[in-house]
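What follows is the residue order along each chain.
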Amino acid sequence: MSDARQQQRDEVLAKARAAKAASRVIATLTTDVKNKVLYAAAKALEQQSSRILGANSQDIAAGREAGFPDSLIDRLALTEERIVGIAGGLRQVAALPDPVGDVLAGKTLPNGIRMQQVRVPLGVMGMVYEARPNVTVDAFGLALKSGNVALLRGSKSAKHSNTVLVEILQETLAKHDLPQAAVQLLPCETHDSVQDLITARGLVDVVIPRGGAGLINAVVSKATVPTIETGTGNCHFYIDHDCDLDEAIGLLLNGKTRRVSVCNATETALLDAALDDAAKLKVVESLQAAGVTVHGDVEKLEAFGAENVVAAAETDWAEEYLSMDIAVQIVAGVEGAIEHIAEWSSGHTEGISTRNIATAQRFADGVDSAAVMINASTAWTDGEQYGFGAEIGISTQKLHARGPMALPELTSSKWVLTGNGHMRP
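Given the structure is predicted, the values throughout are model-derived calculations rather than measurements.

**Looking at the overall build of the chain**
Reasoning step 1: Scanning the chain for helices and strands turns up 14 helices and 16 strands.
Reasoning step 2: In terms of overall size, the chain behaves like a compact globule, its C-alpha atoms giving a radius of gyration of 24 Å where 425 residues would be expected to give roughly 22 Å.
Reasoning step 3: Once the C-alpha set of the chain is aligned to its principal axes, its extents read approximately 75 × 65 × 45 Å.
Reasoning step 4: Here the chain holds 425 residues, and the buried ones make up 53% of them.
Reasoning step 5: Once local pairs closer than 6 in sequence are excluded, the contacts in the chain between residues at least 24 apart make up 73%.
Reasoning step 6: Carbon and sulfur atoms provide 51% of the accessible area of the chain, an area that totals close to 18,300 Å².
Reasoning step 7: Charge centroids of the chain, computed over 38 positive and 52 negative side chains, lie 13 Å from each other.

**A closer look at a negative patch on the surface**
Reasoning step 1: A contiguous patch of negative charge, built from Glu285, Asp297, Glu299, Glu302 and Glu307, is present on the exposed surface.
Reasoning step 2: The topology assignment puts Glu285 in helix H11 (residues 277-289).
Reasoning step 3: Its relative accessible area of 43% is what places Glu285 among the partly exposed residues.

**So, helix H1 (residues 3-26)**
Reasoning step 1: For H1, built from 24 residues, the straight-helix expectation of 34 Å at 1.5 Å per residue is met to within 8% by its first-to-last C-alpha distance of 34 Å.
Reasoning step 2: Listed in full, the buried residues belonging to H1 are Arg5, Gln8, Val12, Leu13, Ala16, Ala19, Ala22, Ser23 and Ile26.
Reasoning step 3: Lining the buried residues of H1 we find strand S3 (124-129), helix H6 (134-145), strand S4 (149-153), strand S5 (183-185) and helix H8 (192-198).

**A short note on the UniProt feature "domain: Aldehyde dehydrogenase" (unreviewed entry) in the chain**
Reasoning step 1: Taking the numbering used here, the UniProt-annotated feature "domain: Aldehyde dehydrogenase" (unreviewed entry) corresponds to residues 4-290.
Reasoning step 2: Along residues 4-290 one finds 53% helix and 16% strand; the C-alpha atoms at either end are 50 Å apart.

**Notes on the sheet that holds strand S10 (residues 310-311)**
In a beta sheet, neighbouring strands are held together by backbone hydrogen bonds and run either parallel or antiparallel to one another.
Reasoning step 1: Taken in spatial order, the seven strands of this open sheet run S10-S9-S11-S8-S7-S12-S13, and their pairing is parallel. Where the open sheet ends on each side, the last strands, each with one partner, are S10 and strand S13 (371-374).
Reasoning step 2: Alignment of strand S9 (residues 293-296) against strand S11 (residues 325-331), held across four bridges, turns out to be parallel. Bridge pairing in S11 links His295 to Ala327.
Reasoning step 3: Relative to the sheet, helix H14 (residues 357-366) contacts strand S7 (235-239), strand S12 (349-353) and S13, its axis offset from that of S12 by approximately 170°.

**Quick word on the packing of aromatic side chains**
Reasoning step 1: Across all of its chains, the model carries one aromatic pair by this definition.
Reasoning step 2: With 6.3 Å between their ring centres and 15° between their planes, Tyr238 and Phe363 make a pair best called stacked. Within this pair, whereas Tyr238 is found in strand S7, its partner Phe363 is found in helix H14, the two being separated by 125 residues in sequence.
Reasoning step 3: Residue Tyr238 is classed as buried on the basis of its relative accessible area of 0%.
Reasoning step 4: For Phe363, a relative accessible area of 0% gives the class buried.

**Quick look at the packing of helix H13 (residues 333-344) against H14**
Reasoning step 1: Their axes nearest at 10 Å, the elements H13 and H14 cross at an angle of 20°. The angle between H13 and H14 falls in the class roughly parallel. Of the two possible hands of crossing, H13 and H14 adopt the one that is right-handed. Counting all contacts with H13, which are made through Val334, Glu335, Ile338 and Ile341, the residues of H14 involved are Thr359, Arg362, Phe363 and Gly366.
Reasoning step 2: Here the contact of H13 with H14 is composed, by residue class, of four nonpolar, two polar and two charged.

**Re the nonpolar core**
Reasoning step 1: Within the largest apolar cluster, 71 residues are counted, with the highest numbers of intra-cluster contacts made by Met125, Met127, Phe140, Leu152, Val204 and Ile392.
Reasoning step 2: Looking at this core element by element, the count peaks at seven residues for H6.
Reasoning step 3: Not counting chain neighbours up to four residues away, the residues in contact with Met127 comprise Val135, Ala139, Leu151, Leu152, Arg153, Leu197, Ile208, Arg210 and Ile392.
Reasoning step 4: Ranked by size, the runner-up nonpolar core spans 24 residues in total, among them Leu252, Val283, Leu301 and Val328.

**Here's the deal with the state of the cysteines**
Formally, a disulfide is one covalent bond, and it connects the sulfur atom of one cysteine to the sulfur atom of another.
Reasoning step 1: As enumerated under the stated definition, the model contains zero disulfides in all.
Reasoning step 2: No disulfide involves Cys263; its nearest neighbouring cysteine sulfur is the one of Cys235, lying 6.8 Å away.

What counts and what doesn't
Residues numbered from 1 in each chain as written. Predicted model: local features only at pLDDT ≥ 70, side-chain atom pairs only at ≥ 80, totals over all residues. Heavy atoms only, no water. Helix = DSSP H or I, 4+ residues; strand = E, 2+ residues; numbered from the N terminus. Rg over C-alpha atoms; globule rule 2.2 N^0.38 Å. Buried < 20%, exposed > 50% of the residue type's maximum accessible area, 1.4 Å probe, protein only. Contact = heavy atoms within 4.5 Å. Areas by Shrake-Rupley, 256 points an atom, 1.4 Å probe, with all protein chains shown as cover. Lys, Arg positive; Asp, Glu negative; His and termini not counted. Charge placed at Lys NZ, Arg CZ, Asp CG, Glu CD. Patch = residues over 30% accessible without salt bridge, like charges linked within 9 Å, V, L, I, M, F, W, Y side chains within 5 Å. Salt bridge = Lys/Arg side-chain N within 4 Å of Asp/Glu carboxyl O. Expected span 1.5 Å × (residues − 1). UniProt positions renumbered as here; feature names shortened; annotations may be inferred. Pairing = 2+ DSSP bridges. Axes fitted to C-alpha atoms, helices over the stretch in contact; angles between N-to-C directions. Phe/Tyr/Trp six-rings, centres within 6.5 Å; stacked < 30°, edge-to-face > 60°. Parallel < 35°, antiparallel > 145°, perpendicular 65-115°, else oblique. Left-handed = near helix turned anticlockwise from the far one by under 90°. Nonpolar A, V, L, I, M, F, W, Y, C, P; charged D, E, K, R; others polar. Core = buried A, V, L, I, M, F, W, Y, C linked by side-chain atoms within 4.5 Å. Disulfide = S-S within 2.5 Å.

Structure (structure tokens):
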């Protein structure tokens, strides 16, 4: 191992040890103290927005020079409005109930011992994420409110932004006489620091990857620390023949074009074969008029008059485009939609537009994803929109947490048994 590599590993482990020590302090904070810190951090971010934007401009300039696509630049970019939104997320978290200490279950045994299952923090929460610097603040806020410590490994592309954000958060902690190690940023120059983080068993309690499929798969497959998998968003929207077509098109466009760089963007439109040709054509032309490139089976789409369609390869059906592109497929009703989704979905969010209650229920029952939207845009899968405040990610796994992950999902539990001199025979 080279000297530089050893130095980086030592830095990661030193920060992990500091985080572990800080976790014992943060775990015992009262709700009032945690909320005061969150409100103060929100105010500090807004007051120092020019400092944040200056750092972010360095990241944007470097990204453009490196040839980043517009979707990645959008994920990376901060504005005054976005900073206000990030600060607002902290205030929302502060206003939410504190999960720590909640009694999940309890009973008194026949012998008189009282049992309680109580929510407790996870401990040191490692985050590996790409681009989006808002995740830095979201992770801090949710970690603090749930009694955890955030050990953050952001991407090199957001290095300057993340550094300034963590400095502001640490300054806020210090003003409240709390350990600055409650939020730390790990080195990001090489991928080695990710490996150091995800194998720091005994120091790091959980790792949450948030980003593209490559990053998530790399973390989940190589980690020795327990992971909570957040998935990519190959989200589908099915338009049933029994729908309000104008409403359906509006929902599809909202899911696709509102913000293409986010995981809840609609990436595949499924059209019921029972829709008449004019309706199918209106859907495709509405997408194209909005600037969306349609990928699909050219022969099937041209059969009802569609033009300027890009021939889809098999990879298009699994693609998270994160751009003004969409895959369009014709399916045999709701059963065909469910079958297509089962084969190609990433398990994030699927939507349906229909006026048939039975069809809607069949779709909701048959689709195995973290969220199902009935006559609503896929864009609604968002922790803030669910009323959770900022989210740590959208979990597409089935153990412990699924869907938008907020405060309860960042806790575990322990059993507390109270006796009166009880000895087991």
